Amino acid sequence: MTAPWAEWDHIVKIDPDKTLVEGETFQDVCATGTDALEIGGTTGMTEEKMARVVEATTAYDIPVYIEPSNVGAVVHREGLDGYLVPVVLNAGDVFWMTGAHKEWARLDDDIDWGSTFTEAYIVLNPDSSVARYTEADCDIDADEVAAYAEIAERMFGQRIVYIEYSGIFGDTEIVRAAADAAEEARVFYGGGIGDYDAAYEMGRHADTVIVGDLVHDEGVDAVRETVEGAKDAKSERADGV
Ligand SMILES: CC(C)=CCC/C(C)=C/CC/C(C)=C/CC/C(C)=C/COP(=O)(O)OP(=O)(O)O
Ligand SMILES: O=P(O)(O)OC[C@@H](O)CO
Ligand SMILES: [Mg+2]
(Lines give C-alpha, C1' and ligand atoms only; values in the text may rest on other atoms or scores of the structure.)
(Ligands and ions follow the chains in the order given, each with its own letter.)
Protein backbone atom coordinates (compact mmCIF):
# COMPACT_ATOMS: atom_id res chain seq x y z
CA MET A 1 0.00 0.00 0.00
CA THR A 2 1.34 3.45 -0.86
CA ALA A 3 1.58 5.37 2.36
CA PRO A 4 -0.66 8.42 2.61
CA TRP A 5 2.41 10.50 3.47
CA ALA A 6 4.50 9.27 0.50
CA GLU A 7 3.98 12.51 -1.40
CA TRP A 8 3.96 14.92 1.51
CA ASP A 9 6.78 17.47 1.42
CA HIS A 10 5.28 19.73 4.07
CA ILE A 11 2.84 19.44 6.97
CA VAL A 12 1.32 22.11 9.16
CA LYS A 13 0.88 20.97 12.74
CA ILE A 14 -2.00 22.72 14.46
CA ASP A 15 -1.94 22.91 18.24
CA PRO A 16 -5.56 22.98 19.49
CA ASP A 17 -4.34 24.78 22.60
CA LYS A 18 -3.21 27.76 20.50
CA THR A 19 -5.04 30.22 18.29
CA LEU A 20 -4.48 31.25 14.70
CA VAL A 21 -3.23 34.74 13.94
CA GLU A 22 -6.06 37.26 14.17
CA GLY A 23 -8.06 37.46 10.96
CA GLU A 24 -6.80 34.12 9.61
CA THR A 25 -8.86 30.97 9.18
CA PHE A 26 -8.23 27.26 8.73
CA GLN A 27 -9.23 27.77 5.12
CA ASP A 28 -6.27 30.17 4.79
CA VAL A 29 -3.98 27.57 6.37
CA CYS A 30 -5.15 24.92 3.90
CA ALA A 31 -4.55 27.35 1.02
CA THR A 32 -0.83 27.72 1.84
CA GLY A 33 -0.03 24.70 -0.35
CA THR A 34 0.87 22.46 2.59
CA ASP A 35 0.19 18.78 1.92
CA ALA A 36 -1.51 17.77 5.15
CA LEU A 37 -2.51 18.87 8.62
CA GLU A 38 -1.55 17.15 11.84
CA ILE A 39 -3.49 18.16 14.90
CA GLY A 40 -1.69 17.82 18.21
CA GLY A 41 0.31 19.41 20.98
CA THR A 42 1.80 18.32 24.26
CA THR A 43 0.31 20.62 26.86
CA GLY A 44 -3.22 21.85 27.50
CA MET A 45 -4.86 19.23 25.31
CA THR A 46 -8.50 18.27 25.83
CA GLU A 47 -11.02 16.29 23.83
CA GLU A 48 -13.11 19.42 23.40
CA LYS A 49 -10.29 21.49 21.93
CA MET A 50 -9.28 18.62 19.67
CA ALA A 51 -12.88 18.14 18.46
CA ARG A 52 -13.22 21.84 17.67
CA VAL A 53 -10.13 21.89 15.44
CA VAL A 54 -10.96 18.58 13.78
CA GLU A 55 -14.42 19.86 12.94
CA ALA A 56 -13.03 23.12 11.54
CA THR A 57 -10.31 21.53 9.40
CA THR A 58 -12.00 18.47 7.92
CA ALA A 59 -14.25 20.78 5.91
CA TYR A 60 -11.37 21.39 3.45
CA ASP A 61 -9.84 19.27 0.75
CA ILE A 62 -6.60 18.34 2.52
CA PRO A 63 -5.67 15.27 4.58
CA VAL A 64 -6.23 15.78 8.31
CA TYR A 65 -4.59 13.48 10.86
CA ILE A 66 -4.78 13.58 14.63
CA GLU A 67 -1.43 13.24 16.35
CA PRO A 68 -2.50 12.22 19.85
CA SER A 69 -0.42 13.14 22.84
CA ASN A 70 -2.70 11.42 25.31
CA VAL A 71 -5.52 8.91 25.32
CA GLY A 72 -8.13 11.46 26.34
CA ALA A 73 -7.51 13.69 23.35
CA VAL A 74 -8.42 11.24 20.59
CA VAL A 75 -11.67 11.91 18.79
CA HIS A 76 -13.28 9.98 15.94
CA ARG A 77 -15.04 11.91 13.29
CA GLU A 78 -16.34 11.65 9.75
CA GLY A 79 -13.92 13.33 7.37
CA LEU A 80 -10.85 12.70 9.48
CA ASP A 81 -8.19 10.85 7.46
CA GLY A 82 -6.56 9.05 10.35
CA TYR A 83 -4.15 8.99 13.26
CA LEU A 84 -0.38 9.43 13.37
CA VAL A 85 0.58 8.11 16.78
CA PRO A 86 3.98 8.97 18.28
CA VAL A 87 6.21 6.28 19.73
CA VAL A 88 9.15 7.99 21.43
CA LEU A 89 12.26 5.87 20.86
CA ASN A 90 14.48 7.83 23.25
CA ALA A 91 11.89 8.31 26.02
CA GLY A 92 13.03 7.78 29.58
CA ASP A 93 9.70 6.28 30.55
CA VAL A 94 8.29 3.34 28.58
CA PHE A 95 4.82 4.84 28.98
CA TRP A 96 5.67 6.90 25.88
CA MET A 97 6.75 3.86 23.90
CA THR A 98 4.03 1.35 24.63
CA GLY A 99 2.20 2.29 27.84
CA ALA A 100 -0.04 5.03 26.45
CA HIS A 101 -0.73 2.89 23.42
CA LYS A 102 -1.78 -0.06 25.55
CA GLU A 103 -4.12 2.20 27.51
CA TRP A 104 -5.60 3.59 24.29
CA ALA A 105 -6.28 0.06 22.98
CA ARG A 106 -7.80 -0.88 26.33
CA LEU A 107 -10.11 2.12 26.60
CA ASP A 108 -11.09 2.86 23.02
CA ASP A 109 -13.26 0.26 21.25
CA ASP A 110 -13.49 2.32 18.08
CA ILE A 111 -9.88 2.45 16.90
CA ASP A 112 -9.75 2.27 13.13
CA TRP A 113 -6.52 0.34 12.66
CA GLY A 114 -6.69 0.79 8.89
CA SER A 115 -6.07 4.50 9.27
CA THR A 116 -3.77 4.37 12.30
CA PHE A 117 -0.02 4.64 11.78
CA THR A 118 2.93 5.24 14.06
CA GLU A 119 5.71 7.82 13.98
CA ALA A 120 9.01 6.75 15.52
CA TYR A 121 10.00 9.93 17.33
CA ILE A 122 13.52 10.90 18.29
CA VAL A 123 13.12 13.91 20.58
CA LEU A 124 16.17 16.20 20.57
CA ASN A 125 15.36 19.56 22.16
CA PRO A 126 15.74 19.03 25.92
CA ASP A 127 13.89 22.28 26.67
CA SER A 128 10.69 21.33 24.80
CA SER A 129 7.53 20.22 26.59
CA VAL A 130 7.63 16.94 24.73
CA ALA A 131 11.18 16.23 25.95
CA ARG A 132 10.23 17.03 29.54
CA TYR A 133 7.04 14.93 29.46
CA THR A 134 8.73 11.91 27.99
CA GLU A 135 11.99 12.36 29.94
CA ALA A 136 13.75 11.97 26.62
CA ASP A 137 17.48 11.40 26.50
CA CYS A 138 18.39 14.25 24.14
CA ASP A 139 22.11 14.01 24.79
CA ILE A 140 22.79 11.75 21.84
CA ASP A 141 25.00 12.23 18.78
CA ALA A 142 24.45 11.68 15.06
CA ASP A 143 25.65 8.08 15.26
CA GLU A 144 23.09 7.24 17.89
CA VAL A 145 20.29 9.02 16.05
CA ALA A 146 21.21 7.06 12.92
CA ALA A 147 21.15 3.84 14.94
CA TYR A 148 17.72 4.70 16.35
CA ALA A 149 16.50 5.32 12.79
CA GLU A 150 17.96 2.01 11.69
CA ILE A 151 16.34 -0.05 14.44
CA ALA A 152 13.08 1.84 14.03
CA GLU A 153 12.88 0.63 10.46
CA ARG A 154 14.67 -2.71 10.55
CA MET A 155 13.64 -4.08 13.93
CA PHE A 156 10.34 -2.37 14.62
CA GLY A 157 9.00 -1.94 11.08
CA GLN A 158 8.47 1.78 11.46
CA ARG A 159 7.65 3.63 8.26
CA ILE A 160 8.14 7.15 9.64
CA VAL A 161 11.15 8.37 11.63
CA TYR A 162 10.39 11.78 13.15
CA ILE A 163 13.32 14.00 14.13
CA GLU A 164 11.73 16.33 16.69
CA TYR A 165 13.37 19.59 17.69
CA SER A 166 10.11 21.30 18.68
CA GLY A 167 10.84 25.01 19.28
CA ILE A 168 14.37 25.20 17.86
CA PHE A 169 16.04 24.70 14.50
CA GLY A 170 17.92 21.43 14.73
CA ASP A 171 21.27 20.07 13.64
CA THR A 172 21.23 19.36 9.90
CA GLU A 173 23.99 16.77 10.30
CA ILE A 174 21.77 14.79 12.63
CA VAL A 175 18.88 14.96 10.19
CA ARG A 176 21.18 13.89 7.40
CA ALA A 177 22.44 10.96 9.50
CA ALA A 178 18.86 9.81 10.11
CA ALA A 179 18.03 10.16 6.42
CA ASP A 180 21.11 8.15 5.44
CA ALA A 181 20.20 5.41 7.89
CA ALA A 182 16.62 5.10 6.71
CA GLU A 183 16.13 2.92 3.66
CA GLU A 184 12.42 2.98 2.85
CA ALA A 185 11.22 4.73 6.00
CA ARG A 186 10.40 8.40 5.55
CA VAL A 187 12.13 11.00 7.65
CA PHE A 188 9.95 13.75 9.07
CA TYR A 189 11.66 16.81 10.50
CA GLY A 190 9.99 19.32 12.86
CA GLY A 191 11.33 22.20 14.91
CA GLY A 192 12.00 25.89 14.49
CA ILE A 193 11.19 26.15 10.79
CA GLY A 194 10.46 29.86 10.31
CA ASP A 195 11.25 30.81 6.73
CA TYR A 196 12.05 29.63 3.23
CA ASP A 197 15.74 28.96 3.94
CA ALA A 198 15.11 26.89 7.04
CA ALA A 199 12.54 24.74 5.23
CA TYR A 200 14.82 24.40 2.23
CA GLU A 201 17.79 23.40 4.39
CA MET A 202 15.93 20.67 6.26
CA GLY A 203 14.03 19.63 3.13
CA ARG A 204 17.36 18.73 1.54
CA HIS A 205 17.63 15.85 4.03
CA ALA A 206 14.20 15.12 5.43
CA ASP A 207 11.37 13.78 3.28
CA THR A 208 8.77 15.90 5.02
CA VAL A 209 9.16 19.20 6.85
CA ILE A 210 6.71 20.02 9.65
CA VAL A 211 5.85 23.55 10.70
CA GLY A 212 4.14 24.09 14.05
CA ASP A 213 4.47 27.32 16.03
CA LEU A 214 4.91 29.44 12.92
CA VAL A 215 1.27 29.13 11.91
CA HIS A 216 0.17 30.32 15.34
CA ASP A 217 2.82 33.02 15.83
CA GLU A 218 3.41 34.47 12.37
CA GLY A 219 0.58 33.22 10.20
CA VAL A 220 -0.08 31.90 6.75
CA ASP A 221 2.22 34.11 4.67
CA ALA A 222 5.21 32.83 6.60
CA VAL A 223 3.92 29.26 6.33
CA ARG A 224 3.55 29.62 2.55
CA GLU A 225 7.25 30.52 2.30
CA THR A 226 8.19 27.35 4.14
CA VAL A 227 6.01 25.28 1.80
CA GLU A 228 7.99 26.73 -1.11
CA GLY A 229 11.30 26.02 0.61
CA ALA A 230 10.40 22.41 1.32
CA LYS A 231 9.08 21.81 -2.17
CA ASP A 232 12.06 23.43 -3.90
CA ALA A 233 14.45 21.32 -1.86
CA LYS A 234 12.52 18.18 -2.70
CA SER A 235 12.40 18.85 -6.41
CA GLU A 236 16.17 19.39 -6.44
CA ARG A 237 16.98 16.21 -4.56
CA ALA A 238 18.76 13.60 -6.61
CA ASP A 239 16.59 10.76 -5.30
CA GLY A 240 13.46 12.66 -6.37
CA VAL A 241 11.43 11.39 -3.39
C1 LIG B 1 -1.26 6.32 22.22
C2 LIG B 1 -1.82 7.66 22.44
C3 LIG B 1 -3.24 7.83 22.14
C4 LIG B 1 -1.11 8.69 22.92
C5 LIG B 1 0.31 8.68 23.26
C6 LIG B 1 1.16 9.35 22.25
C7 LIG B 1 2.57 9.59 22.68
C8 LIG B 1 3.42 8.42 22.98
C9 LIG B 1 3.02 10.84 22.76
C10 LIG B 1 4.41 11.11 23.08
C11 LIG B 1 4.94 12.45 23.02
C12 LIG B 1 4.12 13.56 22.52
C13 LIG B 1 3.44 14.33 23.54
C14 LIG B 1 4.05 13.80 21.20
C15 LIG B 1 3.32 14.89 20.57
C16 LIG B 1 4.26 15.64 19.69
C17 LIG B 1 4.08 17.08 19.78
C18 LIG B 1 2.79 17.65 19.44
C19 LIG B 1 5.09 17.81 20.16
C20 LIG B 1 5.04 19.30 20.23
O21 LIG B 1 4.83 19.67 21.47
P22 LIG B 1 5.74 20.79 22.18
O23 LIG B 1 6.10 21.83 21.20
O24 LIG B 1 6.82 20.11 22.91
O25 LIG B 1 4.69 21.28 23.21
P26 LIG B 1 3.73 22.51 23.26
O27 LIG B 1 3.90 23.29 21.97
O28 LIG B 1 2.36 21.91 23.44
O29 LIG B 1 4.19 23.24 24.47
O1 LIG C 1 6.57 24.22 16.60
P2 LIG C 1 7.77 23.90 15.80
O3 LIG C 1 9.06 24.37 16.42
O4 LIG C 1 7.63 24.36 14.38
O5 LIG C 1 7.90 22.30 15.76
C6 LIG C 1 7.06 21.56 14.93
C7 LIG C 1 6.78 20.17 15.44
O8 LIG C 1 7.80 19.28 15.20
C9 LIG C 1 6.34 20.08 16.85
O10 LIG C 1 5.90 18.79 17.10
MG1 LIG D 1 5.30 23.47 20.33
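Residues numbered from 1 in each chain as written. Chains lettered and ligands numbered in written order. Predicted model: local features only at pLDDT ≥ 70, side-chain atom pairs only at ≥ 80, totals over all residues. Heavy atoms only, no water.

The protein carries the name Geranylgeranylglyceryl phosphate synthase in an unreviewed UniProt entry, which gives Natronomonas aquatica as its organism. The UniProt entry for the protein carries this comment under Sequence similarities (unreviewed entry): "Belongs to the GGGP/HepGP synthase family. Group I subfamily." Under the Subcellular location (unreviewed entry) heading, UniProt states for the protein: "Cytoplasm". (UniProt positions renumbered as here; feature names shortened; annotations may be inferred.)

Regarding helix H3 (residues 99–107), the residues found buried are Gly99, Ala100, Glu103 and Trp104. Looking down the long axis of H3, one finds its buried residues gathered within 140 degrees of arc, a one-sided arrangement. Turned more than 90 degrees away from the buried face of H3 sit Lys102 and Arg106, all of them exposed. Lining the buried residues of H3 we find strand E4 (82–88) and strand E5 (116–123). (Buried < 20%, exposed > 50% of the residue type's maximum accessible area, 1.4 Å probe, protein only. Helix = DSSP H or I, 4+ residues; strand = E, 2+ residues; numbered from the N terminus. Arc of directions from axis to C-beta. Contact = heavy atoms within 4.5 Å.)

Glancing now at the layout of surface pockets. What the largest pocket holds in volume is close to 790 Å³. As for the largest pocket, its lining consists of 40 residues, of which Lys13, Gly41, Thr42, Glu67 and Glu164 are closest to the centre. Counting only elements with at least two residues in the lining of the largest pocket, the list comes to E4, H3, helix H4 (129–134), strand E6 (160–164), strand E8 (208–211) and helix H8 (213–217). The leading source of residues in the lining of the largest pocket is H4, at four residues. Grouping the amino acids of the lining of the largest pocket by side-chain chemistry returns 17 nonpolar, 17 polar and six charged. In this structure, the second largest pocket occupies an estimated 360 Å³ of space. (1 Å grid on protein atoms, 1.4 Å probe; cavity = no way out; pocket = protein on both sides within 12 Å on 5 of 7 lines; lining within 4 Å. Points joined across faces, edges and corners; volume = space filled by probe spheres on them. Nonpolar A, V, L, I, M, F, W, Y, C, P; charged D, E, K, R; others polar.)

Now for the UniProt feature "binding site: sn-glycerol 1-phosphate" (unreviewed entry) in the protein. Under the UniProt annotation, the feature "binding site: sn-glycerol 1-phosphate" (unreviewed entry) is placed at Lys13, Tyr162, Ile163, Glu164, Tyr165, Ser166, Gly167, Gly192, Gly212 and Asp213. When only the residues just named are considered, the largest pocket is lined by Lys13, Tyr162, Glu164, Ser166, Gly167, Gly192, Gly212 and Asp213. As for its position among the elements, Tyr162 is in strand E6. On the basis of relative accessibility, which here comes to 1%, the residue Tyr162 falls in the buried class.

Residues in a regular strand point their side chains to alternate faces of the sheet. With seven of seven residues buried, E4 is to be regarded as a mostly interior element. Both faces of E4 are covered, namely the face carrying Gly82, Leu84, Pro86 and Val88 and the face carrying Tyr83, Val85 and Val87. Relative to E5, E4 runs parallel, the two being bridged by six bridges. Residue pairing for E5: Val88 is matched across the bridge by Tyr121. Once you follow E4 into H3 and on to E5, the crossover reads as right-handed. (Pairing = 2+ DSSP bridges. Right-handed = clockwise from strand over helix to strand, strands pointing away.)

With that settled, the discussion passes to the packing of aromatic side chains. Taken as a whole, this structure holds 11 aromatic pairs when the rule is applied. Centroid distance Trp5 to Phe117: 5.0 Å. Interplanar angle 80 degrees. Geometry classified as edge-to-face. One end of the pair, Trp5, is in the segment before strand E1 (10–14); the other, Phe117, is in strand E5, with 112 residues separating them in the sequence. Assigned by exposure class, Trp5 and Phe117 land together as buried. Aromatic ring contacts, followed pair by pair, group Tyr83, Trp104 and Trp113 into a single cluster. (Phe/Tyr/Trp six-rings, centres within 6.5 Å; stacked < 30°, edge-to-face > 60°.)

What follows covers the pairing of E6. Of all five residues that make up E6, five are buried, and the element is covered over most of its length. Across four bridges, E5 lies against E6 in parallel orientation. Looking at E6, one finds that Tyr121 is bridged to Tyr162. In this structure, E6 lies alongside strand E7 (residues 186–190), joined through five bridges in parallel fashion. The residue of E7 that forms the bridge with Glu164 is Gly190.

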